[in-house]
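A structural walkthrough
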Protein chains: 2
Amino acid sequence: MLDPMKETAAAWIDSNESRGVSLLKKLVEQRSVQGNESGAQAIILEKCRQLGLQIDLWEPERESLKSHPHFYCTRAHFKDSPNIAAVLSGKGGGKSLILNGHIDVVPEGDLSRWEDEPYSASCRDGKVYGRGTSDMKGGTVALLMAMEALIANGIQLNGDVIFQSVIEEESGGAGTLAAAVKGYKADGALIPEPTGMKIFSKQQGSMWFKVKIRGLSAHGGTRYEGVSAIEKSYAAASHIKSLEDERNKRITDPLYETVPIPVPINIGEISGGNWPSSVPDLVIMSGRCGIAPDETAESVQQEFEEWMKTLAEKDPWFKDHPAEVEWYGARWLPNGLDGEHELLASLKASFLEASGKEAVVEASPWGTDGGMLFHAGGVPTVVFGPGATEAAHFPNEFIEVRAITECAKIIAFFLMDWCGTDDLLNGGSK
Amino acid sequence: MLDPMKETAAAWIDSNESRGVSLLKKLVEQRSVQGNESGAQAIILEKCRQLGLQIDLWEPERESLKSHPHFYCTRAHFKDSPNIAAVLSGKGGGKSLILNGHIDVVPEGDLSRWEDEPYSASCRDGKVYGRGTSDMKGGTVALLMAMEALIANGIQLNGDVIFQSVIEEESGGAGTLAAAVKGYKADGALIPEPTGMKIFSKQQGSMWFKVKIRGLSAHGGTRYEGVSAIEKSYAAASHIKSLEDERNKRITDPLYETVPIPVPINIGEISGGNWPSSVPDLVIMSGRCGIAPDETAESVQQEFEEWMKTLAEKDPWFKDHPAEVEWYGARWLPNGLDGEHELLASLKASFLEASGKEAVVEASPWGTDGGMLFHAGGVPTVVFGPGATEAAHFPNEFIEVRAITECAKIIAFFLMDWCGTDDLLNGGSK
């Protein structure tokens, strides 16, 4: 039988669904792409004020972060891009929890592929549409609804809850790093990235590479006198594909059992040549290399670089013109909880209690700020949220309203279970 | 035994080699890339004035050209980009000849790959270095030296010589088109493009294409949910290579006997994707498709487009996502003289007489304004010049001074032979 306090919290969430939708719409209407986060953060700030949280709003300082080994950021400054941490203090004697959501969204891309204006936050058929709905303003709304369900019903926790609305997740995690450096730590953390209500106990890391392929220029009319860097780039891409095969053969973690390519290497961009009538002498391919939860970025870089050297065995051209590998731009650290970790066990129990179903536990195909929370802050982190993975970063991004409220209930139960509350009949902190 | 008049002309050219070099240096120092031709044309103009030619200098008018079926140009206007035609009138009774050189040069490209500043016109080891030396200010200097050798020695021709210094050859031939439309015609034409002193009786045409390849976007971490346009572009490029093979199998013209790929299809540029962590959904490849001398642009376009449709037989993806072919930008019409044409015979004879060697006759691997002279003006055209094909369009472009003077002699003899002169002991016009 469900504890009456949990019943109360769940009922409050159900009856306040429209308030959650209203908050989400306001957040989505703010185009909080990198450098433009302040409008959305102002809405978060006002909500935290209404909830009576202890608010800390600050603009991270590049100078104090840049020497950190996990600072991956090309921004010159974070002026007008504030981070928020807002604390719901516990009575004492319970475990603390960070609830972390990022406020930044990726750009909307090709407008012609959107059915609605990307920041119109249109609602229909139980869904809200728009950039950032799934990734991850819907998740942030679930966090705030879960906290409000407790606050509104006078349910007091023993441990502290630190709600964070951070910048820069989409570009390497400098926002969460800034919070960790500022001293925000806890016994555990939950990030409601769009997992489709699965629990991602491990997260794949990733980093960006550039591969430069050289050719030999010639006039297109005598192209046989040159060597096309475009043709050579096919060999290089195929060699990268073989590396992906090799790396994925090694993955035995059952969490990846159903995943076709657990740790993909994606070539996302290609550019080469500068004149239709010339044989191109340079092609640059850029991409994303996945890092398995038990790997380090450094070991993967080394493997990649060594592998590319062996291209010369397939095509002697590369002996004197080796593919040049460069690591650049954003990076997301991998992260993983032991299958027996208490944070995972507690969330699974709350999931079962709130939904009546066993949670599906998988490993994420992408990085999150969980890597930063753990590697920079030492905080064990689990990722679980209401949005749709397949919708994130794409046109017509959406989220199901029902998933937000279901997720909010599970998180509300999890807060009571993890942080503990004397208001529970069974005493909490189980 | 060489005719005394020819001996006089040849001797004059030999002893005035340094004047030719001086003129070439002045021309090379002018960076006459598209839109910036006026400085170099001013030097040509002054030289024509010194030679006493009837000068016509005009800026082509886009309005009067744009409806012409052979107008291939993206410029909005030709203000400050004058064409020059300068006529050396004959006494009458001889055949007329157009001597056509283009004043525009292609951009210098990557400066770091040049040993000298590209417009410094450095001289060493009997060569002049710089953008435009071979392509084709050296050829233009050879034309002017040949004419001056006759004028300075009082050798009068029967037919008219129309010297043209035109703009826009490197971008589709609007300069030569403008001269043809203005009414400049002749019984034959010679263009001293850098043939390495071979006679190119036929010229390959070419045109630019774009091929768009579609994919299906997805997050790089779940790249198996998408279809990479980069991977699909390899299939498309390989299919284009097969078309090149097919087309070149058909070429039986003995002029192409020693050419590895008589009519190449060159993919010169590739670009695709816009985010390292996304599966790219669009790749655009641009290139140059050769047109054999006996083909039309239209028939080649049709063959190319039909061929690309058959890609779906190799990979069903292309059935619903066909490669999209577009023809754009510059175009050079193919051109060719019959092996028995009197213009070719006359030039070969002059070559033998001036150099003591049989001329090598081949087909050019690139287009020239010869296509425009013939198709827009009806003028049979031969291409023969002193520059080095392999130097054109590349860093450290150069020309051998000796080749300029040798070429000038052959052209001087050719002028006397083709246009006729009563001053020749044998009567000329043979």
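In this text the structure is predicted, and so the values were computed from the model without any measurement.

**Details of the overall build of chain A**
Of regular secondary structure, chain A possesses 13 helices and 16 strands. A compact globule built from 430 residues should have a C-alpha radius of gyration of about 22 Å, and chain A, at 24 Å, falls within 12% of that. For chain A, the spread of C-alpha atoms along the principal axes amounts to about 80 × 45 × 45 Å. Expressed as a percentage of the 430 residues in chain A, the buried residues total 61%. Restricting the contact set of chain A to residue pairs at least 6 apart, pairs at least 24 apart contribute 82%. Put simply, chain A shows about 16000 Å² of open surface, and 49% of that area lies on carbon and sulfur atoms. Across chain A, 41 positive and 61 negative side-chain charges occur, with their mean positions spaced 2 Å apart.

**A closer look at the pattern of salt bridges**
Scanning the entire structure with this criterion turns up 66 salt bridges over all chains. Glu63(A) is the partner of Lys66(A) in a salt bridge, and the nearest nitrogen-oxygen pair spans 3.2 Å. By relative accessible area, Lys66(A) is classed as partly exposed at 44%. Across the salt bridge formed by Asp14(B) and Arg402(B), the nearest N and O atoms sit 3.0 Å from each other.

**Thoughts on the packing of aromatic side chains**
Within the structure shown, the criterion is met by 23 aromatic pairs over all chains. Ring plane angle 50° and centroid distance 4.4 Å describe the contact between Tyr234(A) and Tyr234(B), whose orientation is recorded as tilted. Here Tyr234(B) lies in helix α7 (residues 229-249) and Tyr234(A) lies in helix α7 (residues 229-249), a pairing that spans two chains. The same class applies to Tyr234(A) and to Tyr234(B), which are both buried. Of the aromatic side chains, those joined through ring pairs into one cluster are Trp208(A), Tyr328(A), Trp332(A) and Trp275(B). It is Lys210(A) that lies over the ring of Tyr328(A); its NZ or CZ is 4.4 Å from the centre.

**Structural notes on the interface of chain B and chain A**
On the side of chain A, 47 residues touch chain B, which itself brings 48 residues to the contact. When chain B packs against chain A, close to 4100 Å² is buried across both sides, 63% of that on carbon and sulfur atoms. If you sort the residues of chain B by the area they bury against chain A, Arg223(B), Ile270(B) and Pro276(B) come out on top, with a joint share of 16%. The interface formed by chain B and chain A holds four salt bridges in total. In this structure, the salt-bridge partner of Glu244(B) is Arg223(A), at a minimum N-O distance of 2.7 Å. Applying the counting rule to chain B against chain A returns 18 residue pairs in polar contact (both at pLDDT 80 or more).

**A look at the sheet that holds strand β9 (residues 205-214) of chain B**
Judged by pairing direction, the sheet is antiparallel, and its eight strands sit side by side in the order β12(A)-β9(A)-β11(A)-β10(A)-β10(B)-β11(B)-β9(B)-β12(B) without closing on themselves. With one partner strand each, in any of the chains shown, β12 (324-332) of chain A together with β12 (324-332) of chain B form the two edges of the open sheet. Averaged over all pairs of adjacent strands, the angle between strand axes in this sheet comes to 25°, irrespective of strand direction. Relative to strand β10 (residues 265-272) of chain B, strand β10 (residues 265-272) of chain A runs antiparallel, the two sharing three bridges. For Ser271(A), the partnering residue across the bridge sits in β10(B) and is Ser271(B). Contacts from helix α8 (residues 297-309) of chain A reach β9 (205-214), β10, β11 (282-291) and β12 of chain A within the one sheet, and its direction differs from that of β12(A) by about 155°.

**Details of the relation of the copies chain B and chain A**
Relative to chain A, chain B is turned by 180° and slid 0.0 Å along the rotation axis, the superposed coordinates differing by an RMSD of 0.1 Å. This pairing of chains is accounted for by a two-fold axis. Rotation axis and chain B: the residue whose C-alpha lies nearest the axis is Ser271(B), separated from it by 2.1 Å. Mapped onto chain A, 98% of the interface residues of chain B are again interface residues, and the two copies thus contact each other with one and the same surface.

**Considerations on the domain arrangement of chain A**
Quite often, the size of an interface is put as the accessible area lost when its parts meet. Residues and elements named next belong to chain A. Domain boundaries assigned for chain A yield domain 1 (4-203 + 334-419) and domain 2 (206-332). Each of domain 1 and domain 2 has a C-alpha centre, and these two points are 34 Å apart. Facing 18 residues of domain 1, the contacting portion of domain 2 comprises 13 residues. Taking both sides of the interface into account, the surface hidden between domain 1 and domain 2 amounts to around 1300 Å²; carbon and sulfur atoms contribute 59%. Inspection of the domain 1/domain 2 interface yields three residue pairs in polar contact (both at pLDDT 80 or more). Elements that contribute at least two residues to the side of domain 1 that touches domain 2 include exactly β8 (199-203) and β14 (361-364). Counting residues per element, the side of domain 1 that touches domain 2 draws most heavily on β14, at four residues.

**A look at helix α11 (residues 342-355) of chain B**
Residue and element names in this part refer to chain B. Compared with an ideal rise of 1.5 Å per residue, which puts 14 residues at 20 Å, α11 spans 20 Å between its outermost C-alpha atoms and is within 8% of the ideal. Among the residues of α11, those classed as buried are Leu 343, Leu 344, Ser 346, Leu 347, Ser 350 and Phe 351. Buried residues along α11 cover an arc of 165° about the axis, so they all sit on one side. The inward-facing, buried residues of α11 abut β3 (97-102), β7 (189-191), β8 (199-203), β14 (361-364), β15 (381-384) and α13 (401-419). Gly 356 lies just past α11 and shows a positive phi near 75°.

**Section: the packing of helix α5 (residues 133-152) of chain B against α13(B)**
All names here are of chain B. Direction vectors running N to C along α5 and α13 enclose 50°, while the axes themselves pass 8 Å from each other. Classed by the angle they form, the pair α5 and α13 counts as oblique. Between α5 and α13 lies a crossing whose hand is right-handed. In this structure, α5 uses Gly 138, Val 141, Ala 142, Leu 143, Met 145, Ala 146, Met 147 and Leu 150 to contact α13, whose residues at the interface are Ile 404, Thr 405, Cys 407, Ala 408, Ile 411, Ala 412, Leu 415 and Met 416.

**So, the confidence of the model for chain A**
Counting all residues, the mean pLDDT for chain A is 95, and 98% of those residues have values of 70 or more. Taken over the whole predicted complex, pTM reads 0.86, whereas the ipTM for its chain interfaces reads 0.86.

**Some words on unusual backbone geometry**
With an omega of -5°, the peptide bond between Asp135(A) and Met136(A) qualifies as cis. Backbone geometry places Ala121(A), a non-glycine residue, at a positive phi of 55°. Checked against the element boundaries, Ala121(A) lands in the loop between β3 (97-102) and β4 (123-124). Even without a glycine there, the phi angle at Asp80(B) is positive, about 65°. Summarising the element assignment, Asp80(B) is placed in the loop between α4 (62-65) and β2 (83-88).

**Considerations on the packing of helix α1 (residues 4-15) of chain A against helix α5 (residues 133-152) of chain A**
Residue and element names in this part refer to chain A. Put simply, α1 and α5 touch, their axes get as near as 9 Å, and they point 120° apart. Comparing their axes, α5 and α1 come out oblique. Of the two possible hands of crossing, α1 and α5 adopt the one that is right-handed. Note on element contacts: α5 touches α1 through Met 145, Ala 146, Glu 148, Ala 149, Leu 150 and Ala 152, opposite Ala 9, Trp 12 and Ile 13. Across the contact of α1 with α5, the residue classes tally to eight nonpolar, no polar and one charged.

Calculation criteria
- Residues numbered from 1 in each chain as written.
- Chains lettered and ligands numbered in written order.
- Predicted model: local features only at pLDDT ≥ 70, side-chain atom pairs only at ≥ 80, totals over all residues.
- Heavy atoms only, no water.
- Helix = DSSP H or I, 4+ residues; strand = E, 2+ residues; numbered from the N terminus.
- Rg over C-alpha atoms; globule rule 2.2 N^0.38 Å.
- Buried < 20%, exposed > 50% of the residue type's maximum accessible area, 1.4 Å probe, protein only.
- Contact = heavy atoms within 4.5 Å.
- Areas by Shrake-Rupley, 256 points an atom, 1.4 Å probe, with all protein chains shown as cover.
- Lys, Arg positive; Asp, Glu negative; His and termini not counted.
- Charge placed at Lys NZ, Arg CZ, Asp CG, Glu CD.
- Salt bridge = Lys/Arg side-chain N within 4 Å of Asp/Glu carboxyl O.
- Phe/Tyr/Trp six-rings, centres within 6.5 Å; stacked < 30°, edge-to-face > 60°.
- Lys NZ or Arg CZ within 6 Å of the ring centre and 35° of its normal.
- Buried area = accessible area lost by both parts, 1.4 Å probe.
- Polar contact = N/O pair within 3.5 Å; in protein donor to acceptor, adjacent residues only side chain to side chain.
- Pairing = 2+ DSSP bridges.
- Axes fitted to C-alpha atoms, helices over the stretch in contact; angles between N-to-C directions.
- Least-squares fit on C-alpha atoms with pLDDT ≥ 70 in both.
- Domains from an automatic or database assignment.
- Expected span 1.5 Å × (residues − 1).
- Arc of directions from axis to C-beta.
- Parallel < 35°, antiparallel > 145°, perpendicular 65-115°, else oblique.
- Left-handed = near helix turned anticlockwise from the far one by under 90°.
- pLDDT = per-residue confidence, 0-100.
- Nonpolar A, V, L, I, M, F, W, Y, C, P; charged D, E, K, R; others polar.

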